[in-house]
Amino acid sequence: FGVWGLMYNEAQQDGYWVFENTHISLGSDGWKYADTDEDLRYWVNNSFYLFAAVYPQENVTTATRDNRKVVVIDIATPVDTTPEDILIATPYVDTSGEYDETVGLTFKHLHSRVNIKVKKDEGTNMYDHFIIDKITLKSVKSKASVVLLSLSSVDPVWEYDTSVTNTYSRDFEGDTPIGLAGEVLLSDEGLVLLPQDPSAVKLEISFRFAYGDGTTNIPDLSLFKSETYSVNLPTSIVPVWESGKSYTYTALLSMNNDIKFLAPSIEYWGGAQSGGTVIIK
């Protein structure tokens with residue numbers, strides 16, 4: 001992974017690069033700089049340090065925002081493949097008092113993971129029949145720059161290109177209704193997406209429907225009618241997708257109320273992963 005580090009003090013009010021895309025690799029004797037042990041960095045008292053560790057190092061540049069040096073990661077999420085997972089760590093150290101001379105890098109996912117689960121609403125259509133043909137997620141922001149080492153925020157700052165969005169779809173073959181306890185997923189593993197406000201993200205479900213006769217008997221296929229429902233994702237519980245979290249929305253199909261959502265499932269995407277330490281003398 002690569003490390004960037006800025007030092008601020010009275011003499012370096014605009015920031016001084018202590019690390020600038022310095023490669024860190026794991027060897028038999030631990031994590032080390034890719035250059036030589038002679039190329040050490042030293043702490044300066046009464047200074048403030050910001051660090052950013054990024055894996056992988058591609059599409060990472062340095063820039064200036066509000067006359068301050070920053071690190072920028074450019075991200076474009078594809079539709080047909082899973083994007084490369086980006087891990088970051090952003091610790092800081094203040095040497096104006098007591099401080100740990102070892103910088104610990106605790107990595108976390110930069111993306112969010114999102115999935116859609118579709119079931120039928122048993123409360124209103126228990127014995128009716130739904131055949132799911134297609135699930136589509138539309139208007140998903142897919143291009144952004146992430147600003148790190150900003151003095152205004154320790155957390156990543158997202159700058160979106162709102163003109164670029166993706167559509168994710170999954171087609172289902174066959175004529176089998178989903179059943180009383182059945183469900184289908186938009187993605188087996190979940191979509192790796194940019195953290196964002198999901199209020200503009202639209203869910204579309206295409207399906208075939210037939211009324212039942214009060215039993216589990218499946219009607220003839222000629223009695224099924226095609227329908228497509230479309231609705232924006234709810235934001236009352238999840239107003240924004242956060243980095244490192246996994247969200248699963250459960251959509252209930254009903255001929256009475258179109259699409260009804262259960263409370264989304266929210267989990268941490270994996271755990272914090274330690275990437276070792278970078279020693280600054």
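Residues numbered from 1 in each chain as written. Predicted model: local features only at pLDDT ≥ 70, side-chain atom pairs only at ≥ 80, totals over all residues. Heavy atoms only, no water.

K.L.:
What's the story with the sheet that holds strand 6 (residues 68-76) in this structure? I'm lost.
P.N.:
Sheet strands associate in pairs through backbone hydrogen bonding, adopting either a parallel or an antiparallel arrangement. Spatial strand order, 5-6-12-13: 4 strands in an open sheet with antiparallel pairing. Both edges of this open sheet fall to strand 5 (60-65) and strand 13 (157-160), since each of them pairs with a single strand only. Strand after strand, the sheet turns through a mean of 35° between neighbouring axes, direction not considered. Bridge analysis of strand 5 against strand 6 gives 6 bridges, and the strand direction is antiparallel. For V60, the partnering residue across the bridge sits in strand 6 and is I73. (Pairing = 2+ DSSP bridges. Helix = DSSP H or I, 4+ residues; strand = E, 2+ residues; numbered from the N terminus. Axes fitted to C-alpha atoms, helices over the stretch in contact; angles between N-to-C directions.)

K.L.:
What is the right way to look at the layout of surface pockets in this model?
P.N.:
Rolled over the atoms, a probe with the dimensions of a water molecule shows which regions are left empty. By volume, the largest pocket is sized at about 260 Å³. Contributing to the lining of the largest pocket are 18 residues, with V79, Y168, S187, G190 and L191 lying nearest its centre. When contributions to the lining of the largest pocket are tallied by element, the ones reaching two or more residues are strand 14 (165-171) and strand 16 (191-193). Per-class residue counts for the lining of the largest pocket are 8 nonpolar, 6 polar and 4 charged. (1 Å grid on protein atoms, 1.4 Å probe; cavity = no way out; pocket = protein on both sides within 12 Å on 5 of 7 lines; lining within 4 Å. Points joined across faces, edges and corners; volume = space filled by probe spheres on them. Nonpolar A, V, L, I, M, F, W, Y, C, P; charged D, E, K, R; others polar.)

K.L.:
Help me understand the packing of aromatic side chains in this model?
P.N.:
How two aromatic rings sit relative to each other is given by the distance of their centres and the angle of their planes. Per the counting criterion, the structure on display carries 13 aromatic pairs. Summarising the aromatic geometry, the rings of F19 and F51 are spaced 6.3 Å apart at their centres and angled 55° between planes, so their arrangement reads as tilted. Taken together, the residues F19 in strand 2 (residues 16-27) and F51 in strand 4 (residues 48-55) connect sequence positions 32 residues apart. For the pair formed by F19 and F51, the shared burial category is buried. A centroid spacing of 5.7 Å and a plane angle of 45° characterise the contact between F130 and F207, whose relative ring orientation is tilted. Separated by 77 residues along the polypeptide, F130 in strand 11 (residues 129-141) and F207 in strand 17 (residues 202-210) bring together distant segments of the chain. Every member of this aromatic cluster is reached through a ring pair, and the members are F19, W43, Y49, F51 and Y99. (Phe/Tyr/Trp six-rings, centres within 6.5 Å; stacked < 30°, edge-to-face > 60°. Buried < 20%, exposed > 50% of the residue type's maximum accessible area, 1.4 Å probe, protein only.)

K.L.:
Would you mind going over unusual backbone geometry with me for this structure?
P.N.:
The phi angle of most residues is negative, glycine excepted, and most peptide bonds adopt the trans form. The linkage connecting Y55 with the following residue, P56, adopts the cis geometry, with an omega of -5°. As for its position among the elements, P56 is in the loop between strand 4 and strand 5. A positive phi angle, close to 55°, is found at N21, a residue other than glycine. Positionally, N21 belongs in strand 2. A positive phi angle is found at S139, which is not glycine, with a value near 60°. Residue classification places S139 among the partly exposed residues on the basis of a relative accessible area of 35%.

K.L.:
Looking at this structure, I do not really get the pattern of salt bridges. What am I missing?
P.N.:
Opposite charge on two side chains allows them to pair when their charged atoms are near. Taken as a whole and assessed by the stated rule, the structure comprises 8 salt bridges. Close ionic contact of D133 with R208 constitutes a salt bridge, the shortest N to O distance being 2.9 Å. Residue D133 is found in strand 11, and its partner R208 is found in strand 17; the two are separated by 75 residues along the sequence. In this structure D133 comes out as partly exposed when scored by relative accessible area, which is 22%. Accessibility expressed as a relative area gives 17% for R208, which makes it buried. Between K138 and E204 there is a salt bridge, with the nearest N and O atoms lying 3.1 Å from each other. (Salt bridge = Lys/Arg side-chain N within 4 Å of Asp/Glu carboxyl O.)

K.L.:
Honestly, the sheet that holds strand 14 in this entry has me stumped. Any pointers?
P.N.:
If you walk across this open sheet you meet the 4 strands as 14-11-17-18, and the pairing is antiparallel. For this open sheet the edge positions go to strand 14 and strand 18 (225-232), each flanked by a neighbour on one side alone. Strand-to-strand twist across the sheet, computed as the mean angle between neighbouring axes with direction ignored, equals 15°.

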